[in-house]
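Observations on chain architecture
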Amino acid sequence: MTVLTLIACLSLLAWLWLTFCQGGFWRTDVRLPPRAADSPRPSVAIVVPARDEAEVLPLSLPSLLAQRYGGEARVILVDDGSTDGTGELARRLGSAPGAALPLTVTSPGEPPAGWTGKLWALRHGVELAGDVEYLLLTDADIAHEPDSLENLVSSAEGAEGADAGHGYDLVSQMARLSVRTRWEQLIVPAFVYFFAQLYPFRWSNEPGSRTAAAAGGCTLVRREALARAGGVAAIRGAVIDDVNLARLVKRGGGRTWLGLADSVDSVRPYPELGQLWRMVSRSAYAQLRHNVFLLAGTVLGLTLVYLVPPVLTLVGAVTLAPPVALPALAAWALMTFTYRPMLAYYGRPAREALLLPFTAGLYLLMTVDSAIQHWRGRGAAWKGRTYPAPEKEPAR
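Just so it is clear, the structure is predicted and the values come from calculations on it, not from any experiment. (Residues numbered from 1 in each chain as written. Predicted model: local features only at pLDDT ≥ 70, side-chain atom pairs only at ≥ 80, totals over all residues. Heavy atoms only, no water.)

What follows concerns the packing of aromatic side chains. Per the counting criterion, the structure on display carries 11 aromatic pairs. Ring centres of tryptophan 115 and tryptophan 120 lie 5.2 Å apart, and the angle between their planes is 70°; this geometry places the pair in the edge-to-face category. We note that tryptophan 115, like tryptophan 120, is buried. Members of the aromatic cluster, each reached through a chain of ring pairs, are Trp15, Phe25, Tyr193, Phe194, Tyr306, Tyr339 and Tyr363. (Phe/Tyr/Trp six-rings, centres within 6.5 Å; stacked < 30°, edge-to-face > 60°. Buried < 20%, exposed > 50% of the residue type's maximum accessible area, 1.4 Å probe, protein only.)

Our focus in this paragraph is the sheet that holds strand β4 (residues 134-138). The strand order across the open sheet built from 8 strands is β3-β2-β1-β4-β7-β6-β8-β5, with neighbouring strands paired in mixed fashion. Edge positions in the sheet fall to β3 (103-106) and β5 (142-144), since each of these pairs with one other strand and no more. Along the sheet, successive strands turn relative to each other by an average axial angle of 30°, direction set aside. As defined by bridge partners, strand β1 (residues 44-50) adjoins β4 across 4 bridges and the pair is classed as parallel. By the bridge assignment, isoleucine 46 is partnered in β4 with leucine 136. Where helix α3 (residues 86-94) meets the sheet, it contacts β1, β2 (73-79) and β3, and its direction lies at approximately 170° from that of β3. (Pairing = 2+ DSSP bridges. Helix = DSSP H or I, 4+ residues; strand = E, 2+ residues; numbered from the N terminus. Axes fitted to C-alpha atoms, helices over the stretch in contact; angles between N-to-C directions. Contact = heavy atoms within 4.5 Å.)

This next bit is on the pairing of β1. Within β1, 7 of the 7 residues are buried, which leaves the element mostly enclosed by the surrounding structure. Burial of β1 is two-sided: the residues Val44, Ile46, Val48 and Ala50 facing one way and the residues Ala45, Val47 and Pro49 facing the other way are all buried. Looking at chain direction, β1 and β2 are connected through 7 bridges and run parallel. Bridge pairing in β2 links valine 47 to isoleucine 76. Crossover handedness for the path β1 to helix α2 (residues 57-65) to β2: right-handed. (Right-handed = clockwise from strand over helix to strand, strands pointing away.)

In the numbering used here, UniProt assigns the feature "transmembrane region" (unreviewed entry) to residues 288-308 and 354-375. Each end of residues 288-308 is marked by a C-alpha atom, and these two atoms are 22 Å apart; helix forms 81% of the span and strand 0%. Between the end C-alpha atoms of residues 354-375 there is a gap of 34 Å, over a span that is 91% helix and 0% strand. (UniProt positions renumbered as here; feature names shortened; annotations may be inferred.)

Moving on, we come to helix α1 (residues 3-21). In this model α1 runs 26 Å from its N-terminal to its C-terminal C-alpha over 19 residues, within 8% of the 27 Å that 1.5 Å per residue would give. Along α1, the positions that sit buried rather than exposed are Thr5, Ala8, Ser11, Leu12, Ala14, Trp15, Leu18 and Thr19. Looking one or two places after α1, you find glycine 23, whose phi comes out positive at around 70°. (Expected span 1.5 Å × (residues − 1).)

Let us look at the packing of α2 against α3. In contact at an axis separation of 10 Å, α2 and α3 are set at 45° when each is read in the N-to-C sense. As judged from the angle between their axes, α2 and α3 are oblique. Crossing of α2 against α3: the hand is right-handed. Note on element contacts: α3 touches α2 through Thr86, Leu89, Ala90, Leu93 and Gly94, opposite Leu57, Pro58, Leu61, Pro62 and Leu65. Of the residues assigned to the contact of α2 with α3, the class counts are 8 nonpolar, 2 polar and no charged. (Parallel < 35°, antiparallel > 145°, perpendicular 65-115°, else oblique. Left-handed = near helix turned anticlockwise from the far one by under 90°. Nonpolar A, V, L, I, M, F, W, Y, C, P; charged D, E, K, R; others polar.)

Here it is in structure tokens:
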């Protein structure tokens, strides 16, 4: 067996494992769980951290203010040091006709050392929310259909199999991102696909599983569960706040759920590759815990899983080497098969699955760039702030 044949077979084995043993990560039928029957709805505060969001706020904030909800609810927008008039614009939108929910606009000031700006803003909003039963944490670029809050709370209250009707402590939906431009169409579906591969939704939704994840754009959490787990302060320095929040709640004994959204959409456009590149690279190395060995393993893994199949398929075909071409082609076929449901979810044609190796190559470069920017002291930079790697706790 030649070296190339061995590499092709390893790639095929990897794809067989991913397809059949990785929690069905590629399936797109994980949607909001069955909802509870009509009953009095618990109180909710919708907390929106916003920093320089005047461009997208007119497309997102009115959708929150117009929520049709059968209980007490209000919106708290936390202006995180904006310089583009975000706070003033939010106040005008809050007083416009059609706003069914009351709006509070507040500002916490600059975050202290050890806090990311978003989590400092969320902490301020959570404290201002007071004694509500649920908190909906949603980003300023996320638009919600009128029944979004009702559906989220109903699903949390009516989780099947819950003890004593307790339901879920955290319900999160992966908002549907924009795929209008060619770069968005190439990058965005793969972004969600890779996320699901890292954190299979079905595994995350199992109470006994160690996997835990959420999508920061839309996360409903019980206030008591959040407080029991240590509150927002417990993850104050996290760059990847959504996954860390889900871990926090789950480790505290809470029950979590994550799935794809049907009525929650991002309104932020990413028309250029550079914007998408920064979106991914700002947190990619943090996802690897700033570990150079994990970085090396990720580069090797992406190469074996995504780049090897098309390359060795071509090499085997040109050199008339079936032992190389056939396993590589089978691996590429499994890759294409598992990517098609995500493309269908985003309304993209199935033929674009053939471009996934190219997209994966871009993600590989984004990940390496994330590490380089971190080593240069510019890692995890977002809207004028740069966050260093968290300091390791001393051994005890």
